[in-house]
Amino acid sequence: MVTTKPAARPDNPRFSSGPCAKPPVWKLDALSDAPLGRSHRAAVGKAKLAEAIDLTREVLGVPADYRIGIVPASDTGAFEMAMWSLLGERPAQMVAWESFGAGWVTDVVKQLKIEATTHTAEYGEIVDMAALNYDNDVCFTWNGTTSGVRVVSGDVIPADRAGLTLCDATSAAFAQDLPWDKLDVTTFSWQKVMGGEAAHGMLILSPRAVERLESYTPAWPLPKIFRLTKGGKLIEGIFRGETINTPSMLAVEDYLVALKWGRSIGGLDGLMHRANANARAIWNFCADKPWIANLAVDPATRSNTSVCLKFTDDRITDGAAFAKAVAKRLEAEGIALDIGAYRDAPAGLRIWCGATVETSDIEAMLPWLEWAFEAEINA
Ligand SMILES: Cc1ncc(COP(=O)(O)O)c(C=O)c1O
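What you see is a predicted model; the values in this text were computed from it and never measured. As a convention, each chain's residues are numbered from 1 in the sequence order in which they are written. This being a predicted model, a pLDDT of at least 70 is required before a residue's local features are given, and a value of 80 or more before pairs of side-chain atoms are given or counted; all residues contribute to the totals for chains, interfaces and linings. Calculated side-chain values reflect all of the structure's heavy atoms, with hydrogen atoms and water omitted.

How do you make sense of the site of the ligand when you look at a structure like this?
Note on definitions. A residue lies near a molecule or strand when any single heavy atom of the residue is within 4 Å of it. Taken together, 13 residues surround the ligand, and among them S74, T76, T145, D168 and K192 come closest. Here an oxygen atom of the ligand and a side-chain polar atom of S189 are 3.1 Å apart. Areas reported here follow the Shrake-Rupley algorithm with a probe of radius 1.4 Å; residue values treat only the protein chains shown as occluding. For the ligand, whose accessible area on its own is 400 Å², the fraction buried by protein is 85%. Helix and strand assignments follow DSSP, with helices taken as H or I runs no shorter than four residues and strands as E runs no shorter than two, numbered in order from the N terminus. Every element with two or more residues in the shell around the ligand is listed here: α2 (74-86) and α3 (99-112). The biggest single contributor to the shell around the ligand is α2, with three residues. Looking at the shell around the ligand residue by residue, the classes come out as two nonpolar, eight polar and three charged. Pairing of N or O atoms within 3.5 Å defines a polar contact, subject to two protein rules: one partner must be a possible hydrogen donor and the other a possible acceptor, and residues neighboring in sequence count only if both atoms are side-chain atoms. Only Asp, Glu, Lys and Arg are considered charged in this grouping, and only Ala, Val, Leu, Ile, Met, Phe, Trp, Tyr, Cys and Pro are considered nonpolar; every other residue, Gly among them, is considered polar.

Is there a simple way to think about the pairing of strand β9 (residues 200-205) in this case?
For a regular strand, side-chain orientation follows a simple rule: the groups alternate between the two sheet faces. Remark: exposure states derive from per-residue accessible area (1.4 Å probe, protein chains only) relative to the maximum for the residue type, with buried under 20%, exposed over 50%, and partly exposed in between. Counting buried residues in β9 gives six out of six residues, a clear majority hidden from the surface. Both faces of β9 are covered, namely the face carrying H200, M202 and I204 and the face carrying G201, L203 and L205. One requirement defines pairing of two strands: DSSP has to find at least two bridges between them. Pairing of strand β1 (residues 67-72) with β9 involves six bridges; the strand directions are antiparallel. The residue bridging V71 from the neighbouring strand is G201, located in β9. Pairing analysis gives five bridges linking strand β8 (residues 185-189) to β9, with the strands arranged antiparallel. Opposite V185, over in β9, you have L205 as the bridge partner.

Looking at this structure, how should I read the nonpolar core?
Note on soluble globular proteins: their nonpolar side chains tend to be buried together. To qualify as a nonpolar core, a set must consist of buried Ala, Val, Leu, Ile, Met, Phe, Trp, Tyr and Cys residues joined through side-chain atoms within 4.5 Å. Core analysis: the biggest nonpolar cluster contains 90 residues, and F140, F174, F311 and L369 have the highest contact counts within it. Each domain's limits were defined by an automated method or a database of domain assignments. Taken domain by domain, the makeup of this core includes at least three residues from each of domain 1 (28-264) and domain 2 (267-378). Note on contacts: a residue pair is in contact if any heavy atoms of the two residues lie within 4.5 Å. Setting aside anything within four residues of it in sequence, one finds F174 in contact with V59, L60, F188, V193, M194, Y255, L259, L268, L271 and M272. By size, the runner-up hydrophobic cluster in this structure holds 34 residues, among which are L203, L205, I238 and I244.

In structure tokens, the structure reads:
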């Protein structure tokens, strides 16, 4: 039992699940090469945008024949642009086991109103990805940020599928190994695992996704901000850094700093290693304590980025109020910021473990979590 305040404190108490902590090497000065006040269409701007695309490809190991584009409106913009541009050619399978996946179901069923089968699971559980019809288009989230449950592997996705797979990988990219050959559309935003700035979305398209874009025109109108084709051909410029509208060159510079840091620590392997070490520190802590547990029911599906925890002590009568009070104590002590569970998720905590978080900070925070738990029980 920890009833006195631990001596050690995390150097960085930022454990938010987005925007996430900046890379450990980050300084405002590192952005001094940003071409501010210049046109993003000038050579210098275009070169920065192209570098962001090239480094993304290098660090993530995206195949050479996949397109990578920087698009407006963060991950939501990228994923909705893909759904609005590609879906409707055949029925869809909509898959959700937490809040963001559920949002994509609403888009397809209530807004696009296309023929769709919906597969859902409760928070903590996951949909059986082997039971889906991959001759339909399949929309899913790789890592459920609000439930801390992730897809374990893409092996069950058939290589010879007739439909497309659309994957929201915003809290998985740079922390989990994504099977590019099984993903036709992959989206993410900069402010998650790389600790970049929010604003822009990344849209990664397989050759089959491009084929669909060039052979199918949706029945609904597409605003300029979503348009990926012109005259039935892909707008290739988008995938060279000629963005649809104006990007923030400061945010681009910041993403470049993060990517270069990622490359310097061993690229994807180094980034995954850091996230794994962070999550493992929390899993080990929970294994030792009878009062807290992972929200993910099957240990194989536990996220290594958005680690979601629930309190399991019988003495707790109001779970939501208890979790909030624990998070508030930790915030007030400057030990852990923004670790309350997502508003739609079951009561508990969500601790970001992506690569920009230091394992030593997680380790320093955990005794404080025990302290806050005991203090709240005693209160
Ligand atoms: C799985 C998932 N999808 C979508 C979003 C929305 O992302 P953005 O705010 O970058 O549009 C989030 C944000 O946390 C998320 O976790």
